[in-house]
Amino acid sequence: MKKYNVAIAGATGAVGGAMLDVLARKNFPIKELRLLASERSVGRTLTFQGQEIPVQQMTKDAFAGIDIALFSAGASRSLEFAPAAAAAGAVVIDNSSAYRMDPEIPLVVPEVNPHAIAQYKKHGIIANPNCSTIQMLVALKPIHDRARIKRIVVSTYQAVSGTGAKAIEELKAQVLAYARGEALQHKVYPHQIAFNCLPHIDNFLDNGYTKEEMKMVNETRKIFEDNSIGVTATTVRVPVIYGHSEAVNIETEKKITAAEVKELLASAPGVQLVDDPANNRYPMAIDCAGRFETLVGRIREDESIANGINLWVVSDNILKGAALNAVQIAEHYVARYL
């Protein structure tokens, strides 16, 4: 089997660490693994398949000889370094928001639109969608193919790990403070997150939506290649560490029953059907952590409209919502274009 030189930009972050884990779990064919981060991380080592690999400083010259560069270093770093990596001959798979809505950059969920990967040839960059968009479209793609989705109404319940390590620590600290009867402090979020729900993810825009909500709208239309789909979203931060949950309501052009949706999703790629309410079996965030599959359940017909379906969709936001999706793109790329 041919092997490839792979770089992880942002290797010391949560998603960078998850990329290492996914590459190992999938036994990705790696010849050289180059771990890149900011200057303050130089000198650290990370373990990969039993080997200690030193972290190097990310510079524009650090991508020489690299075939695939997995980026999870933030939008500003991607804008600065991704073009240099592509110019050095690497294909960049970028987990940030930097390139998602660029019309010349493919935005890819492998179970949904793998054909779009071919557009990498324009700039050498492939964008990884937002975590909440990825899991929703993995669940909706088979339905869209069968009955064409006209409208999506989604409410998300997103884990604090989507904000980062400091948010996880803030949640844990608030829970401990509550148990001790102490005052709860907050710095990461504008309000207490423990035992609370914040209908506020990312900045608010002039239209009253947040950037996170509009990401779901715009990315869905780009990935499905259909700007006529109506999409509206409400995104909520909840006191969960790993795993985003979504209540999704769709209206389809053709009638499709709940039974037909269950049959479709039972064999859909990347989906695990968990739908047995009689025995209290439905997708939960605590069950998805560490899993590659997107869990789907609570499938039922919307009795308020003629062609409506409700679903509950849960996925590990660090894995399928970020690291796993990026590595799956890399797998498709090496299988079809290298």
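As shown above, the structure is provided for reference.
Nothing here was measured: the structure is a model prediction, and the numbers come from that model.

Participant: What am I meant to see in the sheet that holds strand S3 (residues 45-48) here?
Facilitator: Backbone-to-backbone hydrogen bonds pair the strands of a sheet. The strands run either parallel or antiparallel. Spatially, seven strands are ordered S3-S4-S2-S1-S5-S6-S7 in an open sheet, and the strand pairing comes out mixed. For this open sheet the edge positions go to S3 and strand S7 (125-127), each flanked by a neighbour on one side alone. Going from strand to strand, the sheet's axes swing by 25° on average, the running direction of each strand aside. Where helix H2 (residues 75-87) meets the sheet, it contacts strand S2 (30-37), strand S5 (68-71), strand S6 (91-94) and S7, and its direction lies at approximately 175° from that of S5.

Participant: Whenever I open this one, the side chain of Asp-302 confuses me. Can you help?
Facilitator: Structurally, Asp-302 is set in the loop between strand S12 (294-301) and strand S13 (308-315). Buried Asp-302, no salt bridge; nearest opposite-charge side chain is Arg-151, N-O distance 7.7 Å. A distance of 2.9 Å separates a polar atom in the side chain of Asp-302 from a polar atom in the side chain of Asn-249. Discounting chain neighbours no more than four positions away, the residues touching Asp-302 are Asn-249, Gly-308, Ile-309 and Asn-310.

Participant: What's the story with a nonpolar patch on the surface in this structure? I'm lost.
Facilitator: A cluster of nonpolar side chains, namely Val-175, Tyr-178 and Phe-195, defines an oily patch on the protein surface of about 330 Å² accessible area. Residue placement: Tyr-178 occurs in helix H4 (residues 165-180).

Participant: I would appreciate a short explanation of the packing of helix H3 (residues 131-147) against helix H5 (residues 211-224) in the present structure.
Facilitator: Axes are the key here: two packed helices are described by the angle between their axes and the distance separating the axes. The interhelical angle for the contact between H3 and H5, taken along N-to-C directions, is 40°, at an axis separation of 10 Å. Classified by the angle between their axes, H3 and H5 sit oblique to one another. In this structure, H3 crosses over H5, and the sense of that crossing is right-handed. Contact with H3, carried on its side by Ser-132, Thr-133, Met-136, Leu-137, Leu-140, Lys-141 and His-144, involves Glu-212, Lys-215, Met-216, Glu-219, Thr-220, Ile-223 and Phe-224 of H5 and no other residues of that element. Of the residues assigned to the contact of H3 with H5, the class counts are six nonpolar, four polar and four charged.

Participant: I would appreciate a short explanation of the side chain of Asn-325 in the present structure.
Facilitator: Inspection of the secondary structure puts Asn-325 in helix H8 (residues 319-337). We classify Asn-325 as buried; its relative accessible area is 0%. Reaching out from Asn-325, the side chain makes a polar contact with the side chain of Asn-128 at a distance of 2.6 Å. Sequence-distant contacts of Asn-325, defined by excluding residues within four places in its chain, comprise Val-108, Val-109, Pro-110, Glu-111, Asn-128, Pro-129, Ile-134, Leu-319 and Lys-320.

Participant: What exactly am I supposed to notice about the packing of aromatic side chains here?
Facilitator: The geometry of an aromatic ring pair is captured by the separation of the ring centres together with the interplanar angle, meaning the angle of the planes. Scanning the model with the defined rule gives six aromatic pairs in all. Where Tyr-120 meets Tyr-333, the ring centres are 5.0 Å apart and the plane angle is 80°; that geometry is what we call edge-to-face. Of this pair, Tyr-120 sits in the loop between S6 and S7 while Tyr-333 sits in helix H8; the two residues are 213 residues apart in sequence, bridging distant segments of the chain. Each of the two residues, Tyr-120 as well as Tyr-333, counts as buried. Measuring from centroid to centroid gives 5.6 Å for Tyr-120 and Tyr-337, while their planes differ by 65°, and the two rings are edge-to-face. In this pair, Tyr-120 sits in the loop between S6 and S7 while Tyr-337 sits in helix H8, placing the two residues 217 residues apart along the sequence. Classification of Tyr-337 as partly exposed rests on a relative accessible area of 25%. An aromatic cluster is defined as three or more aromatic residues linked by ring pairs; in this entry it consists of Tyr-120, Tyr-333 and Tyr-337.

Participant: Would you explain the sheet that holds S13 in this entry?
Facilitator: Taken together, six strands build an open sheet; the order of strands is S9-S8-S10-S13-S12-S11 and the sheet is mixed. The sheet terminates laterally at strand S9 (230-237) and strand S11 (271-273), the two strands that pair on one side only. Along the sheet, successive strands turn relative to each other by an average axial angle of 25°, direction set aside. Sheet topology note: the S11/S12 ladder contains three bridges and is parallel. Looking across to S12, one finds that Gln-272 is bridged to Leu-295. The sheet strands contacting H3 are strand S8 (149-158), strand S10 (244-252), S11, S12 and S13, and the helix crosses S10 at an angle near 30°. Sheet strands in contact with helix H6 (residues 258-266) are S11, S12 and S13, and its direction is about 165° off that of S12.

Participant: Even after reading the chapter, I still don't get the packing of helix H1 (residues 14-25) against H8, so can you show me in this structure?
Facilitator: Orientation of H1 relative to H8, taken along the N-to-C sense of each, is 50°, at an axis distance of 9 Å. Overall, the two elements H1 and H8 adopt an arrangement that is oblique. Two packed elements cross with a definite hand, and for H1 against H8 that hand is right-handed. Touching Val-15, Ala-18, Met-19, Val-22, Leu-23 and Arg-25 of H1 are Leu-319, Ala-322, Ala-323, Leu-324, Ala-326 and Val-327, all from H8. Considering only residue class, the contact of H1 with H8 consists of eleven nonpolar, no polar and one charged.

Rules used throughout
Residues numbered from 1 in each chain as written. Predicted model: local features only at pLDDT ≥ 70, side-chain atom pairs only at ≥ 80, totals over all residues. Heavy atoms only, no water. Pairing = 2+ DSSP bridges. Helix = DSSP H or I, 4+ residues; strand = E, 2+ residues; numbered from the N terminus. Axes fitted to C-alpha atoms, helices over the stretch in contact; angles between N-to-C directions. Contact = heavy atoms within 4.5 Å. Buried < 20%, exposed > 50% of the residue type's maximum accessible area, 1.4 Å probe, protein only. Lys, Arg positive; Asp, Glu negative; His and termini not counted. Salt bridge = Lys/Arg side-chain N within 4 Å of Asp/Glu carboxyl O. Polar contact = N/O pair within 3.5 Å; in protein donor to acceptor, adjacent residues only side chain to side chain. Patch = residues over 30% accessible without salt bridge, like charges linked within 9 Å, V, L, I, M, F, W, Y side chains within 5 Å. Areas by Shrake-Rupley, 256 points an atom, 1.4 Å probe, with all protein chains shown as cover. Parallel < 35°, antiparallel > 145°, perpendicular 65-115°, else oblique. Left-handed = near helix turned anticlockwise from the far one by under 90°. Nonpolar A, V, L, I, M, F, W, Y, C, P; charged D, E, K, R; others polar. Phe/Tyr/Trp six-rings, centres within 6.5 Å; stacked < 30°, edge-to-face > 60°.

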